[in-house]
Amino acid sequence: MSTKLHVYNSLTKQVEPFESLVKGKATIYHCGPTVYKRQHLGNMRRFLFADFLRRGLEFAGYEVREITNITDVGHLTQDELDAGEDKLAAEARKQKVTPQDIAKREIKQFQVDLQTLNIQPSHKYPRATHHIKEMQDLIAELIAKQQAYQTKTGIYFAVTSFPQYGKLSGNTLEDLQAGKRIAIRNDKKHPADFALWVFDDQALQKWDSPWGTGYPGWHIECSAMSMAYLPTPIDIHTGGVDNKFPHHENEIAQSEAATGRPFVRYWLHNELLKVAGQKLAKRAGEQLTLDTLSERGFSPLAFRLLVFGAHYRQRLDFSWEALAAAQENLNNLERLARRLGEILPSTDEAVARADADSQAVDDFATALANDLNTPQALAVVNSYLSSTNQKLESAEMSKSEAAVTWATLLTFDRVLGLFGPLLTKIGADRIPPEIKQLAEQREQARSENNFAEADRLRVEIEQAGFTVEDTNTGPRLIKKAGNS
Ligand code: AMP
Ligand code: ZN
């Protein structure tokens, strides 16, 4: 039984042992949201995969540095065709606001959605519009190496100057030359040449450049931002399978052409979430978002569990029935946590001292090490839960057994990410309203940077017999041990 981490690399099309560039450390770049509309459930599947991957690496002992970009300019409505309009600009015109207004609103919403799903925050969320200089430097490098050229409409990458073009997606230049899907801007040398910089002095978001006023292409953004924050070759770069071509193929071409070095060691792509066989897309009319789930009485965490239960390389068909089953599973977890908490609260020091069940944890680790096999990991969790339930039903569980069980569940939860928020909820149910109010006032004081008042309120909460912990999903109130 091996717990050496293996992942499926889309570049080599096989499962490979994961070796990071620097031993014990791993770097990850995730293609982030295009912030012109709320992220739908398909997008959130993608960020849950990113979260499971990061947590899985941390579980395997890696120190992870993770970057997720924000695309707030340059993603065109037809990215395969290098045509259409900038998505933020199109939305801004429709809503009669500025692209910056839309970006601000959607970035905030994205952060809320991540927190709702208990997705650990990345170390940075660089925005394309804040990295124009880095993109222009990269473009200048490509022009100097004669791998990019200028026309009357922009600066283009010359795909024929990069013989390995197609190595990720399998789209060879011959296929692309013959294919009809690539629109031929008649000033391009090859139909697959793609824009690094688009000339447009009427654009809603535009910058001066040595070549002319305009805005960057979508692909150059991710090359520039990933290399600005992570050393190359980057260990892991992820995206949905729809990012593979042309986005990631083009990222590889321009990055490797500019630096002369491999860009990324492992490319990981999640399959799509579909509804009734259709890809969820922001363009489509009705949007399924986390709000849709809450409106129908579901917990967004049931969606986290649903996604955990499917392998990231498998298409997931969203259905209300499947979500209801995940919700039922989540409710069972919550019931179990409540019962265990009656025997011994998870905050009891005995839990911190207890060793987790090593067999169960090994099985869980083995599943994750096998190309992040979360369904298999969930099967391990579920079997552990059912034997715990049996023990709870058949006899009184001792405090020491409860401590081991908690320690095991909290170990699973380092990747599963469900017990933390459930415990916050359970804890909140037991907190008197006046203490909750003090915690809310403290949050308010903190948001106003009034730290003296926040500290005073913390002391008041402590004196009333409660502690307040600041977690990823917000503050959590806990009754101090011995306080009835
Ligand atoms: P976007 O905001 O369109 O740039 O997409 C953000 C991320 O979500 C990208 O990495 C896409 O590959 C991914 N994505 C988009 N639609 C889906 C879907 N239906 N299922 C899974 N991932 C998706
Ligand atoms: Zn990207």
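Preceding this paragraph is the structure being described.
Presented here is a report on the structure given in the accompanying data block. Predicted model only: the values in this text are computed from it and were never measured.

What counts, and where the lines are drawn
- Residues numbered from 1 in each chain as written.
- Chains lettered and ligands numbered in written order.
- Predicted model: local features only at pLDDT ≥ 70, side-chain atom pairs only at ≥ 80, totals over all residues.
- Heavy atoms only, no water.
- Phe/Tyr/Trp six-rings, centres within 6.5 Å; stacked < 30°, edge-to-face > 60°.
- Helix = DSSP H or I, 4+ residues; strand = E, 2+ residues; numbered from the N terminus.
- Buried < 20%, exposed > 50% of the residue type's maximum accessible area, 1.4 Å probe, protein only.
- Lys NZ or Arg CZ within 6 Å of the ring centre and 35° of its normal.
- Pairing = 2+ DSSP bridges.
- Right-handed = clockwise from strand over helix to strand, strands pointing away.
- Contact = heavy atoms within 4.5 Å.
- Axes fitted to C-alpha atoms, helices over the stretch in contact; angles between N-to-C directions.
- Parallel < 35°, antiparallel > 145°, perpendicular 65-115°, else oblique.
- Left-handed = near helix turned anticlockwise from the far one by under 90°.
- Donors = N, O, S within 2.8 Å, 3.2 Å for Na, K, Ca; no water.
- Expected span 1.5 Å × (residues − 1).
- Salt bridge = Lys/Arg side-chain N within 4 Å of Asp/Glu carboxyl O.

### Some words on the packing of aromatic side chains
Then comes step 1: Using the criterion set out here, one finds 16 aromatic pairs in the structure.
Then comes step 2: Taken together, a centroid distance of 5.0 Å and an interplanar angle of 70° make the contact between Phe-47 and Phe-110 edge-to-face. Of the two residues, Phe-47 is situated in helix α1 (residues 41–59) and Phe-110 in helix α3 (residues 99–116); the sequence distance between them amounts to 63 residues. We note that Phe-47, like Phe-110, is buried.
Then comes step 3: Each member of the aromatic cluster is reached from another via a ring pair, and the members are Phe-59, Phe-364, Tyr-384 and Phe-412.
Then comes step 4: Positioned above the aromatic ring of Trp-320 is the side chain of Arg-296, whose terminal nitrogen or guanidinium carbon lies 4.0 Å from the ring centre.

### Some details on the pairing of strand β11 (residues 234–240)
Then comes step 1: Of all seven residues in β11, seven are buried; the element is thus mostly enclosed.
Then comes step 2: Pairing geometry for strand β3 (residues 25–30) and β11, over three bridges, is parallel. In the sheet register, Tyr-29 faces β11, and the bridge partner there is His-237.
Then comes step 3: Here β11 pairs with strand β12 (residues 264–270) via six bridges, running parallel. Opposite Ile-234, over in β12, you have Val-264 as the bridge partner.
Then comes step 4: Following the chain from β11 across helix α7 (residues 244–259) to the adjacent parallel β12, one finds a crossover that is right-handed.

### Digging into the environment of Phe-157
Then comes step 1: Relative to the elements of secondary structure, Phe-157 occurs in strand β8 (residues 154–157).
Then comes step 2: Expressed as a C-alpha distance, the spacing of Phe-157 and Asp-193, which sit 36 residues apart in the sequence, is 5.4 Å.
Then comes step 3: Residues contacting Phe-157, with those up to four places away along its chain left out, are Leu-142, Gln-147, Ala-148, Tyr-149, Phe-162, Asp-193, Phe-194, Leu-196, Ala-253, Gln-254 and Ala-257.

### Focus on helix α9 (residues 300–308)
Then comes step 1: When you tally the buried positions in α9, you get nine out of nine residues, the bulk of the element.
Then comes step 2: Regarding α9, the residues found buried are Pro-300, Leu-301, Ala-302, Phe-303, Arg-304, Leu-305, Leu-306, Val-307 and Phe-308.

### Observations concerning the packing of helix α10 (residues 320–343) against helix α13 (residues 374–394)
Then comes step 1: The N-to-C vectors of α10 and α13 enclose an angle of 45°; their axes lie 11 Å apart at closest approach. Relative to α13, the element α10 is oriented oblique. α10 and α13 meet at a crossing whose hand is left-handed. Together, Asn-329, Leu-333, Leu-336, Arg-339 and Ile-343 of α10 and Asn-382, Leu-385, Thr-388, Asn-389, Leu-392 and Glu-393 of α13 make up the contact between the two elements.

### Here's the deal with the sheet that holds strand β10 (residues 214–216)
Then comes step 1: As summarised here, the arrangement of the four strands in space is β7-β8-β9-β10, forming an open sheet in which the pairing is antiparallel. What marks the edges here is a single partner per strand, and that holds for β7 (148–150) and β10. Within the sheet, the average angular offset between the axes of one strand and its neighbour, ignoring direction, is 20°.
Then comes step 2: The pairing of strand β9 (residues 194–199) with β10 spans three bridges and is classified as antiparallel. In the strand pairing of β10, Trp-197 is matched with Pro-216.

### Overview of the coordination of the zinc ion (ligand 2)
Then comes step 1: The coordination sphere of the zinc ion (ligand 2), as far as protein atoms go, consists of Cys-31 (SG), Cys-222 (SG) and His-247 (NE2), spread over 2.1 to 2.2 Å.
Then comes step 2: The sequence motif formed by the donor residues of the zinc ion (ligand 2) is C-x190-C-x24-H. Here the residue Cys-222 occupies a position in helix α6 (residues 218–229), and His-247 occupies one in helix α7, the gap between them amounting to 25 residues. Each member of the pair, Cys-222 as well as His-247, is classed as buried.

### Topic: the pairing of β9
Then comes step 1: When you tally the buried positions in β9, you get five out of six residues, the bulk of the element.
Then comes step 2: Both β8 and β9 contribute to a ladder of four bridges, which runs antiparallel. Along β9, the bridge assignment pairs Tyr-156 with Ala-195.

### Quick notes on the sheet that holds β11
Then comes step 1: One open sheet accounts for four strands, arranged β4-β3-β11-β12; its pairing is parallel. Looking at strand neighbours, the two that pair on one side only are β4 (63–68) and β12, the edges of this open sheet. The mean angle between the axes of side-by-side strands here comes to 20°, regardless of whether they run parallel or antiparallel.
Then comes step 2: Its contacts with the sheet put α6 on β3, β4 and β11, and the angle it makes with β3 is roughly 155°.

### Examining α7
Then comes step 1: The first and last C-alpha atoms of α7 sit 21 Å apart over 16 residues, in line with the 22 Å expected at 1.5 Å per residue.
Then comes step 2: Most of α7 is tucked away, with 14 of its 16 residues classed as buried.
Then comes step 3: Downstream of α7 by one or two residues, Gly-260 has phi in the positive range, about 75°.

### Points about the pattern of salt bridges
Then comes step 1: Enumeration according to the criterion identifies 24 salt bridges in this entry.
Then comes step 2: As a salt-bridge pair, Arg-38 and Asp-291 come within 2.9 Å of each other at their nearest N and O atoms. One end of the pair, Arg-38, is in the loop between β3 and α1; the other, Asp-291, is in helix α8 (residues 290–295), with 253 residues separating them in the sequence.
Then comes step 3: A residue is classified by how much of its surface remains accessible, and Arg-38, at 15% relative accessible area, is buried.
Then comes step 4: According to the relative accessible area criterion, Asp-291 is partly exposed, its value standing at 38%.
Then comes step 5: For the salt bridge of Lys-145 with Glu-141, the shortest nitrogen-to-oxygen distance reads 3.9 Å.
Then comes step 6: In this structure, a network of salt bridges that share partners links the residues Arg-38, Asp-113 and Asp-291.

Functional significance is not addressed by these values, which are geometric in nature.
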